[in-house]
Amino acid sequence: MAAWALDPDVRLQDFNHVMWTSKDGAPAEITSMAQTKDGWLWLGTPSGLYRFDGMRFELYQPPAGSSLLNSRISELAAQDNGELWIGYVRGGLSVLRQNGKLEHLALQDKDNLLGGTYTLALDTDGSAWIANGRGLMHFSAGKWRRVGEESGFPGVRAINVLLDQYGQLWASNGEKLYLLDRASGKFRPGGVEGISWGLIQSPDGRLWSAERDKLRLVPSPAAGPTLPRKPGFNQIEGHGTAIFDSDGNLWSLKCPRGLCFVPRAGDSPATQLLPSELATDKFDQPWQMTTLTTNLLLEDREGNIWVATQAGLERFRNNKLIPARIPGSDGFLSMASDADGKVWIADQLTGKAWNLPMSGTPPTELPLKIYTVTNDINGALLLAGPRGIERRRSGETKDEIQDKTQMTPLPERSDGKTVDEVVSRLYDDGVNLWVTLKTRGSFVRRNEHWSSFKEAGLPDGLTLAAVAGKGQIWLGFNDGSLIFYDNGNLMKYAAADMLGIGAITGVQAGQQIIVAGEKGIVTLRQGRFFRLQLDSPDVLRNVTGLVTTSNGDHWFNGARGVVHILQADWKRAMENPSSPLRYELIDVLEGYPGEAATGTWMSTTFVNRDGQLWFAATGGIVRLDPAKQRPQARIPKVEIRSVNTEQQRYAASEDILLPAGTSNFHIEYTTLSYAKPEQVRFRYWLEGADRSWKEAGARRAAYFTNLGPGTYHFNVMASGEDGMWDTGTSTISSVSFRIAPTMVQTAWFKALCAIAVLLVLWWLYRLRLRQVTRLFDIKHKERLAERERISRELHDTLLQSVQGLVLKIHGAVRRLPQQEPMREVIEGALNNADNIIVEARDRVSSLRSVKNCPDLASALDKVGQSLVQGSSIQFDIGILGEARTLHPVIRDEVYWIAREALINAFNHAQATRIDIGITYTSREMRLSIRDNGRGIPDETLRYAAARSHWGIVGMQERAAKINAVLRYQSPDKTGTEWTIVLPGRIAYEGNEGHTVWQRLLKRA
């Protein structure tokens, strides 16, 4: 990136000057500097090699397994291929490759081949020339050669070596300059004799030999067109005497001390320059620099000038705002220009006035008493003095001024006295003259007559006004209201219409009405005001000056500094008022002194005829030249430096695996921006932990806690120095890393835990099943015992009594004659009684368990065989699988369900065949009863209870009681099939004690 040169018209004190010393982390005694292609600023010192990103100094740590030859660095040289060559005070030479590898080309051995390196240069063939304390050395094809008198270079040491844009190699031994003759391979005198401490080039490509306070032009033997110096010349290495910056300004260190500035010296046709005599500005006082012992100069690729001293590092760059430096002013200033383009300044408190030059020379104080200056609607200069208002159109001499001057008296006092007045506001709309007198309030002059605001029907509390056209003016008031005066007609806007911006502090009346208040800015569109939306609303707080330049850009002077809005961004915001307005804030980092002035009661922003912008602030007036502004700041690429745990630092270029158990760590990153690094903002996103981008502000590290094991992808991006973002992938830097799991975080451990939990749940389930089964057994035994008790009591009491009664009646009947008519009736009744007793005995028997017939199949076969006697119905029972012993409770309930189904089939189905099938598997027990009869009507099943079909209801109740599934099917109404299904874990006796593994072993 080409450097943006420093303004030659700016004094040293008006540049942005920042100093770093040891308290800021800067190394002391910097002896060499270079800026590599990746943007890093490298600093060589006796205590080691450092690099600087604009915010933090970092001691260079070589890759694992390598080290610098020693810590005393004497020379750094950045090459076009991205390499950094490193020379040492005690001898040796190293190269830091672009891939980060450190390689040693010459060791600090006992022969000390090189000695201390002063400067070096890479030749066009890739070989290297080194000027050092042992002479001029040439490194080619892996071999070293000392260049001496046999090659035309005399002397025991070499001070400088340089390869120019023509491919010519220059070398100096401190007494004479030599040029390498490519044809013969020998050096010849280069046209300059005497002490030479350095070789530098001006931007036009001319070569200069630098001494302490003298620069001598070196004649160029190159044929052909003149070429400018190579791009990046000033970044290759720091110079110990002087440099020409990109605009040809000369910066010199030996003049005789501190720093000297010679503007446009590179354009001089002179063959010799003496910086101490030509300097327009010097820093030669101890309070102006970290120390006056200056070592090196370097211009970086952004155009910043760096000065290395014994105490630290200093930087100079352009401020966008240049102070006017008005002596004796109190800050309550108004601005205007005359017909000749001169800028006039008036101090409302003192009545002093000045003319301001453009070149940075001190302003000229005028022999006039003026409190306020402004321009009328036609551009004439208005000067408000203590007794009247002077309208001046042009003129240089006193007579010319008088010929073109018109004086208007101030409003008369009610007491008729003539006293000096202070005019704090002054406006001319071409028809009316508007003024505010500091002690008497506001007045308007119409038709040669002054009227107070009250007499004119206007409220008090005027804060600021802006002329809109002939006879038109906007008036802002302290209560937040606004009035548009149009040739006697008033249109009023209440404070509520102004959307709560507070007291009016500024108005711009042009093609668009823009009104500023204490709390923001609104614009008038289609009869309504709309508020500007910014991501930082306080940027538009207390704006007291608004102006639009000829290119459509908007400039506001507010509490935070100057707000610059490009025409395209303004248009976009007007089309979509709800979207945030993009802007550039020019604040203290660009030389803004304090806040926008609020006590002048006039606009604090002014544009002169040449397009220069002037802003009045609490700390004075500053000037901005839009034509000389730095280009839009580039969006810097972020460099991820390391991933850091409490125990170890991992380079971002490695395949990073963080140790098991790592939950807290931080990632360091930076960006190489040197003009305003404080303004760069960062965003980051850790994929795998965050859902979206997070704002990091100016912080150059991201901290993470409580992260689990896994793979993560860290992304980071930066804004430009102007706050603009580019969301494209080209500006995003990334690094991936993994966190190893601990034993308890591994998948196999979690799987084992899951299995253990399942086993515990299964054991709890089995335990509960045993408890339920045991409780079921107890209740079943209690029920059986109760049924048997009832059976015994019925048999021993009721049935025996009835049987005895029947026997007595039988005895009585036998005594009756055979011909007795009642005998036949009584005998019939006794037969019925016998049948009832038989049925009752069967019922009593049914109350007892079927344990005397433990086999379910046998019990059901017995029932079927008893039912089939005396009929033509075929009955059969079949078993599938190995018969299993059923739990007694289950066996009894299934038996009674099946018995009811069999009896129903024999009595009501009109079937010719009835079959029973029993299936035993480990998973379930299934029993089905099928017939080929007429089936059961749907109404009978649906309304079984309502129609007193208690047999079916009982079957359903018994099935529900043992958690069995009872299903009925009657396909095509040609038969009936009842099916009972029970899970094996419930049906089989003793099954609750078997684990899964036991059953598997048993099955095997």
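Keep in mind the model is a prediction, meaning the values are calculated, not measured.

Undergrad: Looking at this structure, how should I read the sheet that holds strand β34 (residues 372-375)?
TA: Sheets are built from strands paired through backbone hydrogen bonds, the pairs being either parallel or antiparallel. Strand order in the open sheet formed by four strands is β34-β35-β36-β37, with antiparallel pairing between adjacent strands. Edge positions in the sheet fall to β34 and β37 (405-409), since each of these pairs with one other strand and no more. Going from strand to strand, the sheet's axes swing by 20° on average, the running direction of each strand aside. Here four bridges tie strand β35 (residues 381-384) to strand β36 (residues 388-392), and the two strands are oriented antiparallel to one another. Within the sheet, the bridge partner assigned to Leu 381 lies in β36 and is Arg 392.

Undergrad: I'm lost on the layout of surface pockets in this one. Help?
TA: By rolling a water-sized probe across the atoms, one finds the places where empty space is left. Taken as a whole, the largest pocket spans an internal volume of roughly 1,000 Å³. Around the largest pocket sit 31 residues that line it, and Arg 51, Gly 100, Glu 639, Ala 651 and Ser 653 are the ones nearest its centre. Looking at the lining of the largest pocket, the elements with two or more residues in it are β57 (638-644), β58 (649-651) and β65 (733-739). Of the residues belonging to the lining of the largest pocket, the class tally is 12 nonpolar, nine polar and 10 charged.

Undergrad: What exactly am I supposed to notice about the nonpolar core here?
TA: Among soluble globular proteins, nonpolar side chains are generally buried collectively. Judged by nonpolar contacts, the single largest core of 39 residues is most densely connected at Val 894, Leu 902, Ile 914, Met 925, Leu 927 and Leu 982. Sorting the residues of this core by element identifies α7 (856-868), α8 (888-908), β67 (913-920), β68 (924-931), α10 (950-961) and β70 (976-983) as the ones contributing at least two each. Considering every element that reaches this core, the biggest residue donor is α8, with 10 residues. If we skip the residues at most four places from it in the chain, Val 894 touches Leu 856, Met 925, Leu 927, Ile 962, Ile 980 and Leu 982. Grouped together as the second largest cluster of nonpolar side chains are 30 residues, Trp 40, Ile 86, Leu 96 and Leu 313 included.

Undergrad: For this particular structure, what's the right way to read the state of the cysteines?
TA: What we call a disulfide is simply a covalent bond connecting the sulfur atoms of a pair of cysteines. Under the defined criterion, the tally for this structure stands at one disulfide. At a sulfur-sulfur separation of 1.9 Å, the disulfide partner of Cys 255 is Cys 260. Judged by the sign of its S-S torsion, about 105°, the bond between Cys 255 and Cys 260 is right-handed. Judged by its relative accessible area of 1%, Cys 255 is buried.

Undergrad: Would you mind going over unusual backbone geometry with me for this structure?
TA: What is expected of a backbone is that most residues other than glycine have negative phi and most peptide bonds are trans. Cis rather than trans, the peptide bond between Cys 255 and Pro 256 has omega equal to -10°. Among the secondary structure elements, Pro 256 is positioned in the loop between β22 (250-252) and β23 (259-262). The phi torsion at Glu 29 lies on the positive side, around 55°, for a residue other than glycine. Residue placement: Glu 29 occurs in the loop between β1 (16-21) and β2 (32-35). Phi is positive for Ala 141, close to 55°, though the residue is something other than glycine. With respect to the secondary-structure elements, Ala 141 resides in the loop between β12 (135-140) and β13 (143-147).

Analysis parameters
- Within every chain, residues take consecutive numbers counted from 1 along the sequence as written.
- Per-residue local features of the predicted model are confined to residues with pLDDT of at least 70, and side-chain atom pairs are confined, for both listing and counting, to 80 or more; whole-chain, interface and lining totals are unaffected and use all residues.
- As a rule here, side-chain values cover all heavy atoms of the structure and leave hydrogens and water aside.
- Pairing between strands is defined by DSSP: at least two bridges between them are needed.
- Think of it this way: any DSSP run of H or I at least four residues long counts as a helix, any run of E at least two long counts as a strand, and we number them from the N terminus.
- Angles shown run from 0 to 180 degrees and are taken between the N-to-C directions of axes, each axis being a line fitted to C-alpha atoms and, for helices, limited to the stretch in contact.
- Here a cavity is any set of points on a 1 Å grid over the protein atoms alone where a 1.4 Å probe fits but cannot get out, and a pocket is any open set with protein on both sides within 12 Å along at least 5 of 7 lines; a residue lines the site when it has an atom within 4 Å of a point.
- Grid points are joined across faces, edges and corners, and a volume is the space filled by probe spheres set on the points.
- Basically, the charged four are Asp, Glu, Lys and Arg, the nonpolar ten are Ala, Val, Leu, Ile, Met, Phe, Trp, Tyr, Cys and Pro, and anything else, Gly included, counts as polar.
- As used here, the term nonpolar core means buried Ala, Val, Leu, Ile, Met, Phe, Trp, Tyr and Cys residues forming a set that is joined through side-chain atoms within 4.5 Å.
- For every residue, the accessible area (1.4 Å probe, protein chains only) is compared with the maximum for its type, and the residue is labelled buried under 20%, exposed over 50%, or partly exposed between those bounds.
- Here a residue-residue contact requires only that any non-hydrogen atoms of the pair lie within 4.5 Å.
- Disulfides are defined as pairs of cysteine sulfur atoms found within 2.5 Å of each other.

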